[in-house]
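One-letter residues, chain by chain:
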There are 2 protein chains.
Amino acid sequence: MPRDEFERLDSTWASVTPPAARRMLIAAAAAFSARGYHGTTTRDIAAEAGMSPAAVYIHYRSKEELLFQISRIGHATSLSLLTAVTGDDPVARLASAVRVFASWHAEYRTTARVVQYELSALTPEHLAEVAELRRGIEGAVREMVEAGVAAGAFDVPDVRGATLAVLSLCIDVARWFQPDRGRTPAEIGDLYADLVLRMVGAKAP
Amino acid sequence: MPRDEFERLDSTWASVTPPAARRMLIAAAAAFSARGYHGTTTRDIAAEAGMSPAAVYIHYRSKEELLFQISRIGHATSLSLLTAVTGDDPVARLASAVRVFASWHAEYRTTARVVQYELSALTPEHLAEVAELRRGIEGAVREMVEAGVAAGAFDVPDVRGATLAVLSLCIDVARWFQPDRGRTPAEIGDLYADLVLRMVGAKAP
């Protein structure tokens, strides 16, 4: 994992205590990202965190428990970013939401990839909990699109379809984003806000 | 891998001969998709193909060679789908390209995920070859956007950015598409063609 993302993750996951448990979660995200969930052992994670393999089990029941915590926190963070975007103007609100959601997926691409690509490795109970957060994320964006339609500010023939596309566009930033490719996360956010406003047929103010 | 995709892959990869080599490639795609490249052994692939582990090495030098062939054929197929879309009307041409590219990523989602998510496991030489195909894919779509701008049919402030978004939107279909979720690959293609025409500010005819 790139050093800069590692450091930012450490602050994102400040709620995870004690620090040893947090360090393990970050190490697990880095290891899953590099070799996949099934290609990673708890021994690999312990080595990445600079701890003994037995120390992992003090804080987490299993490798899957580590994945679940990464997934839960990743999804909860995404959801809170979206619900924090408020305001009465539907155009400005959707633009802000896309800006923050797309740029988050650029900044935290390593975590986002693990979260998005390893869902099938979760237990059914954990997947159900994550699916609830995913429905919340989808609902938050759909509500913004619906508000624009209701206000006469957007022209959207298929609200669910447009919502799906907006989320997909932002999430996929995590797959292709590279910090040395010439666009910053903020620039991606601005580009995508403009493209999404076009997708929903936003009227110029 | 779902049985229907398995069968369609068999026809897509008809160029791979002898049949044993083709069967191994399809087995490798299924195994990489289920457990990731690093979580899969050549023994797993042989078992999936119903062959002995030694038989794998008759046709492929290594596990990485299998991944490379999947990646090369997957990218070459994507590129040929896009370059096959011709016509003088830039609006109809881009719409057709998006329809075919998005629906392909729904139909062949398992293969597409392996192709997109395991690039970092390729050797530098193989990655360079795949990167050349990726530049071709990006160039094919960019050329369609540029043609629309040149003809006065599109309004695109950032051609490279819009091209990136169009490709990303279509590719990410492979991540979330599920055949039982109510939309067919063709319906996704139609939805996305409309959304992309909005993104490029296509003038109504």
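Residues numbered from 1 in each chain as written. Chains lettered and ligands numbered in written order. Predicted model: local features only at pLDDT ≥ 70, side-chain atom pairs only at ≥ 80, totals over all residues. Heavy atoms only, no water.

Per an unreviewed UniProt entry, chain A goes by TetR/AcrR family transcriptional regulator and derives from Saccharothrix syringae.

Colleague: Even after reading the chapter, I still don't get the side chain of B:Glu65, so can you show me in this structure?
Modeller: Residues and elements named next belong to chain B. You can see glutamate 65 is positioned in helix α5 (residues 63-83). Exposure remark for glutamate 65: the relative accessible area of 9% places this residue in the buried category. Filtering out sequence-adjacent residues up to four positions away, glutamate 65 remains in contact with Tyr60 and His126. (Helix = DSSP H or I, 4+ residues; strand = E, 2+ residues; numbered from the N terminus. Buried < 20%, exposed > 50% of the residue type's maximum accessible area, 1.4 Å probe, protein only. Contact = heavy atoms within 4.5 Å.)

Colleague: Can you walk me through the relation of the copies chain B and chain A in this structure?
Modeller: Between the two copies of the chain lies a relationship made up of a rotation around an axis and a movement along it. Its rotation angle being 180°, the transformation that places chain B on chain A also includes 0.0 Å of axial translation and leaves an RMSD of 0.0 Å. Such values leave the two copies arranged in the relation of a two-fold axis. Closest to the rotation axis within chain B is the C-alpha of B:Gly39, separated from it by 1.9 Å. Taken together, the interface assignments show that 100% of the residues at the interface of chain B recur at the interface of chain A, consistent with an identical surface on both copies. (Least-squares fit on C-alpha atoms with pLDDT ≥ 70 in both.)

Colleague: In this structure, what is going on with the interface of chain B and chain A? I would like to understand it.
Modeller: For an interface, size is often stated in terms of accessible area lost upon the parts coming together. Opposite the 30 residues of chain B that make contact, chain A presents 30 residues. Summed over both partners, the interface of chain B with chain A comes to about 2,600 Å²; 56% of that surface belongs to carbon and sulfur atoms. When the buried area of chain B at its contact with chain A is split by residue, B:His38, B:Arg175 and B:Arg198 rank highest and sum to 24% of it. There are four salt bridges connecting chain B and chain A. Between A:Arg183 and B:Asp158 there is a salt bridge, and its shortest N-O distance comes to 2.8 Å. Across the contact surface, chain B and chain A share 12 residue pairs in polar contact (both at pLDDT 80 or more). Here the side of chain B that touches chain A takes eight residues from helix α9 (residues 159-171) of chain B, the largest share from any one element. (Buried area = accessible area lost by both parts, 1.4 Å probe. Salt bridge = Lys/Arg side-chain N within 4 Å of Asp/Glu carboxyl O. Polar contact = N/O pair within 3.5 Å; in protein donor to acceptor, adjacent residues only side chain to side chain.)

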